[in-house]
Structures are given as structure tokens and as C-alpha cells.
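Chain by chain, the residues run as shown.
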Amino acid sequence: MKLITHHLVKFGLVLVALTLAFRAGLSAMLAAHQFSLTWALSTLYGVAVFMSGWIFGKRDKVYFPVYDIGFRFHLATYIIFMLIAEVWHLAGFQSQYENMNSVHITGLSWGAGLLLHYVFYRIAGRDSLKGLKRSDIFE
Amino acid sequence: MSEKDKQFYELLAAWEETYKKGQLTLWIFLALKDGKKYVDEIKAFVEDASNQSMTCEEQSLYRNLRKYQHIGVVDYERGKGNKGPERKYFFLTALGRELLDHFVSRNINLFFNQKVKDLLKTEEPL
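Draft legend 1. Geometry of the overall build of chain A. Across its full length, chain A carries five helices and two strands. Counting from the amino terminus, chain A carries its helices and strands in the arrangement α-α-α-α-β-β-α. Once the C-alpha set of chain A is aligned to its principal axes, its extents read approximately 55 × 25 × 25 Å. The 139 residues of chain A split such that 37% are buried.

Draft legend 2. How the structure looks around the nonpolar core. Core analysis: the largest hydrophobic core is formed by 25 residues, its most contacted members being I28(B), L32(B), I42(B), L65(B) and V74(B). Among the elements of the structure, helix 2 (24-33), helix 3 (39-49), helix 4 (58-71) and strand 2 (87-92) of chain B are those that each provide at least two residues to this core. Considering every element that reaches this core, the biggest residue donor is helix 2 of chain B, with seven residues. One finds L8(A), M29(A), I84(A) and Y121(A) within the second-largest nonpolar core, a separate group that totals 23 residues.

Draft legend 3. A look at the packing of aromatic side chains. All names here are of chain B. Under the criterion given, the structure shown has 17 aromatic pairs over all chains. With 5.3 Å between their ring centres and 85 degrees between their planes, F29 and Y68 make a pair best called edge-to-face. Of this pair, F29 sits in helix 2 while Y68 sits in helix 4, and the two are 39 residues apart along the sequence. Considered together, F29 and Y68 belong to a single accessibility category, that of buried residues. One cation-aromatic arrangement involves R87 over Y38; the distance from NZ or CZ to the ring centre is 3.8 Å. Above the plane of the ring of Y76 lies K88, whose end atom (NZ or CZ) is 4.7 Å from the centre.

Draft legend 4. Just helix 4 (residues 100-124) of chain A, in detail. Residue and element names in this part refer to chain A. Between the first and last C-alpha of helix 4 there are 35 Å, a value that for 25 residues agrees with the 36 Å anticipated at 1.5 Å per step. Listing the buried residues of helix 4 in full gives V103, G107, G111, L114, H117, Y121 and A124. Those residues of helix 4 that are buried lie in contact with helix 3 (71-90) and strand 1 (128-129).

Draft legend 5. Region of interest: the side chain of H117(A). By the secondary structure assignment, H117(A) is in helix 4. Only 2.8 Å separates the side chain of H117(A) from the backbone oxygen of I69(A), close enough to count as a polar contact.

Draft legend 6. Up close: the layout of surface pockets. Residue and element names in this part refer to chain B. There is about 860 Å³ of room inside the largest pocket. Taken together, 22 residues line the largest pocket, and the ones lying closest to its centre are Y19, Q23, W27, I108 and F111. Elements represented by at least two residues in the lining of the largest pocket include exactly helix 1 (3-20), helix 2 and helix 5 (94-108). For the lining of the largest pocket, the element with the highest residue contribution is helix 1, accounting for five residues. Looking at side-chain class alone, the lining of the largest pocket contains 13 nonpolar, seven polar and two charged residues. The calculated volume of the second largest pocket comes to roughly 280 Å³.

Draft legend 7. Main features of the packing of helix 2 of chain B against helix 3 of chain B. All names here are of chain B. Contact pair helix 2 / helix 3: the axes reach a minimum separation of 9 Å and the direction vectors enclose 110 degrees. By the angle between their directions, the pair helix 2 and helix 3 is classed as roughly perpendicular. Every pair of crossing elements has a handedness; the one defined by helix 2 and helix 3 is right-handed. Residues W27, I28, L30, A31 and L32 of helix 2 lie in contact with helix 3, whose contacting residues are I42, F45, V46 and A49. Among the residues forming the contact of helix 2 with helix 3, the class breakdown is nine nonpolar, no polar and no charged.

Draft legend 8. Region of the structure containing the interface of chain A and chain B. Contacts between chain A and chain B engage twelve residues on the former and 15 residues on the latter. Where chain A abuts chain B, roughly 1300 Å² becomes buried across the two surfaces, and 59% of that area is made up of carbon and sulfur atoms. Joining chain A to chain B, the criterion identifies two salt bridges. Residues E139(A) and K67(B) are paired through a salt bridge, measuring 2.8 Å at the closest nitrogen-oxygen approach. At the junction of chain A and chain B, the tally comes to eleven residue pairs in polar contact (both at pLDDT 80 or more). Counting residues per element, the ones that place at least two in the side of chain A that touches chain B are helix 2 (37-63) and helix 5 (134-137) of chain A. A per-element tally of the side of chain A that touches chain B places helix 2 of chain A first, with three residues. Per-class residue counts for the side of chain A that touches chain B are eight nonpolar, no polar and four charged.

Rules and cut-offs
- Residues numbered from 1 in each chain as written.
- Chains lettered and ligands numbered in written order.
- Predicted model: local features only at pLDDT ≥ 70, side-chain atom pairs only at ≥ 80, totals over all residues.
- Heavy atoms only, no water.
- Helix = DSSP H or I, 4+ residues; strand = E, 2+ residues; numbered from the N terminus.
- Buried < 20%, exposed > 50% of the residue type's maximum accessible area, 1.4 Å probe, protein only.
- Core = buried A, V, L, I, M, F, W, Y, C linked by side-chain atoms within 4.5 Å.
- Phe/Tyr/Trp six-rings, centres within 6.5 Å; stacked < 30°, edge-to-face > 60°.
- Lys NZ or Arg CZ within 6 Å of the ring centre and 35° of its normal.
- Expected span 1.5 Å × (residues − 1).
- Contact = heavy atoms within 4.5 Å.
- Polar contact = N/O pair within 3.5 Å; in protein donor to acceptor, adjacent residues only side chain to side chain.
- 1 Å grid on protein atoms, 1.4 Å probe; cavity = no way out; pocket = protein on both sides within 12 Å on 5 of 7 lines; lining within 4 Å.
- Points joined across faces, edges and corners; volume = space filled by probe spheres on them.
- Nonpolar A, V, L, I, M, F, W, Y, C, P; charged D, E, K, R; others polar.
- Axes fitted to C-alpha atoms, helices over the stretch in contact; angles between N-to-C directions.
- Parallel < 35°, antiparallel > 145°, perpendicular 65-115°, else oblique.
- Left-handed = near helix turned anticlockwise from the far one by under 90°.
- Buried area = accessible area lost by both parts, 1.4 Å probe.
- Salt bridge = Lys/Arg side-chain N within 4 Å of Asp/Glu carboxyl O.

Structure, rendered in C-alpha cells:
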């Protein structure tokens with residue numbers, strides 16, 4: 001089944017742009033000791049990512065209703081966020097207040113949530129035929 | 001229109017709305033059993049054959065055809081368009097034909113037994 005749809009790819013591209021902007025903003029704010037502003041930035045980033053996922057996810061469902069209870073979009077978000085965070089630190093772009101450990105802790109705790117989502121995705125899959133929800137196939 | 005008639009037609013519309021849900025697949029399959037067609041032709045077939053009681057948007061047809069192709073009941077081949085780009089001509093696969101035949105024999109043919117046919121004979125409509 002085609003799991004990587006063009007709406008997922010578009011979401012991925014938007015997410016890369018948002019995440020790069022977030023990391024750059026976060027590092028700059030921390031370097032400038034603007035600690036309280038980082039909360040606002042993080043919230044803004046979270047809302048923007050959620051909205052993007054919502055919009056592209058809805059379009060994706062209209063185009064081809066893969067029954068994955070949002071798992072593909074969640075997985076894409078995890079991979080892109082973690083990859084950019086790792087590269088950001090390996091390239092030395094982080095501020096003195098950021099460290100790789102916090103990235104890894106985020107990866108582990110988020111990964112546990114992602115694993116749980118995967119379990120639900122597999123359970124939901126029992127109600128599907130070839131990746132489509134039984135009740136969505138025929139109209 | 002009297003209040004009684006208005007209520008009657010509201011009830012009829014509500015029933016028809018529910019009744020038509022789930023019928024699009026059957027009409028699309030019938031269109032493709034009739035022969036290979038591109039989307040505009042499927043749309044025209046469905047609307048004509050159903051006496052305009054079924055209408056379908058192109059986008060909805062494409063969405064359904066993508067799903068049917070994915071589950072292996074419909075496929076397409078590219079053919080010449082009318083002075084434009086190539087078109088996708090959809091057709092029922094062997095599995096699609098078998099599925100349609102079974103569906104019809106289990107759910108549609110029962111309307112053709114004499115007892116049901118007699119019951120379906122309409123009296124004078126309002």
C-alpha cells in the first residue's frame with residue numbers, strides 16, 4: 001500500500017521548515033538569555049505543527065482514506081523533529097544552554113508515546129481491509 | 001403546497017437520502033460493466049441510468065476509483081483523450097465482476113421475484 005502520500009510529503013516539508021525555524025529561534029533566544037520567551041516559541045511551534053498535521057491529514061483522508069489513526073503523520077513528525085535536533089547539535093548550532101542529553105531524553109519519552117500509538121494503530125488495523133477501514137471502502 | 005404534502009415530501013427526502021447512501025458503488029460498477037469508461041463517462045452513465053436520482057462529483061468518483069483500484073476490483077488503462085491529454089479508462093477486474101455478480105444476486109435480484117414485484121407495483125402517487 002502507498003503509505004507515503006503526497007499530502008504526507010507536503011506536511012513533511014512544512015514540518016522541516018517549521019522545525020528549522022523553531023530550533024534557530026530557540027537557540028537564539030537561549031543565547032540571548034530570553035528564557036521566558038522560549039515558552040511562547042515552543043507553544044507557537046506546537047500549535048503550528050498540530051495545525052499543519054490537521055490540515056494535511058484531512059486532505060490526505062479525502063484523497064485516500066488510509067486507516068492509520070494518524071500514525072503515519074505522528075511517525076513523520078517524530079523522525080523529522082529528532083533528526084533535525086540531532087543534526088542541529090552535531091553541527092554545533094545549539095546554545096550553551098542546550099545539550100544532546102535533553103534531545104535524547106525527549107526522543108525516548110516521545111518514542112514511548114509513539115510506540116503506544118503504534119500498538120493502537122495495529123489494533124485498529126483489525127477493522128481494516130488492505131489498509132482501508134471496512135466502512136470507508138464502499139460508498 | 002399544503003402542510004401535509006410538505007411533511008410528506010420531507011419524509012420522502014429523508015428516506016431517499018438514507019437509501020442512496022451506499023448506492024454509488026453499485027452505479028459505478030454498473031457503469032464499468034457496461035464498458036471501459038473515463039470519469040466523465042462514468043458520471044454521465046450514473047446520472048442518466050439513475051434518471052438523475054443519483055448525482056456524483058468528479059472528485060468523489062476519483063476518490064472511489066482510487067479505493068477500488070487499491071482493493072483490486074477496478075483497474076485502468078491509458079487511452080487517447082479528445083485532443084487533450086491521455087485519459088484513464090477504468091474497467092472492472094475479474095474480482096470486481098465477481099464481486100458485482102455476487103452482490104447483485106444476493107441483494108438486487110430479490111426485487112425481481114414475483115411476490116416482491118407485485119408488492120412494488122405503485123398506486124397513484126400524490
